[in-house]
Amino acid sequence: MLPDGNYYLPGTDEVIPADMATPSPDDRFHHCTYYPVANEFDPWGGPAWEDKPKTRCFFAPMNST
């Protein structure tokens, strides 16, 4: 946890805003990600996925540090 209440995730080098964190039901950290569809399509007609995952949800234990 950062001094401003946000969370830093070293594995993805990302800062999760404190208001995005949901209380964890099992007192453990959980980070949910997904790969969004890019704005272009591949040459074979299917969707093209971005190569960097985006955060969908983040669960943190109550009063975690």
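Residues numbered from 1 in each chain as written. Predicted model: local features only at pLDDT ≥ 70, side-chain atom pairs only at ≥ 80, totals over all residues. Heavy atoms only, no water.

**Notes on the overall build of the chain**
On a plain count of helices and strands, the chain comes out with zero helices and seven strands. Its helices and strands taken in sequence order, the chain reads β-β-β-β-β-β-β from the N to the C terminus. Partitioning the intrachain contacts of the chain with sequence separation of at least 6 by distance along the chain shows that 45% fall at a separation of at least 24. Here the chain has roughly 5,000 Å² of accessible surface; of this, 55% comes from carbon and sulfur atoms. (Helix = DSSP H or I, 4+ residues; strand = E, 2+ residues; numbered from the N terminus. Contact = heavy atoms within 4.5 Å. Areas by Shrake-Rupley, 256 points an atom, 1.4 Å probe, with all protein chains shown as cover.)

**Examining the state of the cysteines**
Per the counting criterion, the structure on display carries one disulfide. The side chain of Cys32 participates in a disulfide bridge whose partner is Cys57; the two sulfur atoms lie 2.1 Å from each other. Its torsion about the S-S bond being -85°, the disulfide of Cys32 and Cys57 is classed as left-handed. Of the two residues, Cys32 is situated in strand β4 (residues 30–34) and Cys57 in strand β7 (residues 54–60); the sequence distance between them amounts to 25 residues. (Disulfide = S-S within 2.5 Å.)

**Quick look at the sheet that holds β7**
Strand order in the open sheet made by the three strands is β3-β7-β4, with mixed pairing throughout. Single-partner strands in this sheet number two, and they are β3 (21–23) and β4. When the angles between neighbouring strand axes are averaged without regard to direction, this sheet yields 25°. Sheet analysis places β3 next to β7, joined by three bridges and oriented parallel. Paired with Ala21 across the bridge in β7 is Phe58. (Pairing = 2+ DSSP bridges. Axes fitted to C-alpha atoms, helices over the stretch in contact; angles between N-to-C directions.)

**A closer look at the pairing of β7**
Sheet analysis places β4 next to β7, joined by five bridges and oriented antiparallel. Paired with Thr33 across the bridge in β7 is Thr55.

**Some words on unusual backbone geometry**
With glycine set apart, most residues show a phi of negative sign, and most peptide bonds adopt trans. A positive phi is found at Asp13, a non-glycine position, where the angle reads about 55°. Counting through the fold element by element, Asp13 comes out in the loop between β1 (7–9) and β2 (14–16). In this structure Asp13 comes out as exposed when scored by relative accessible area, which is 58%. Positive phi, normally seen in glycine, also occurs at Asp27, with a value near 60°. (Buried < 20%, exposed > 50% of the residue type's maximum accessible area, 1.4 Å probe, protein only.)

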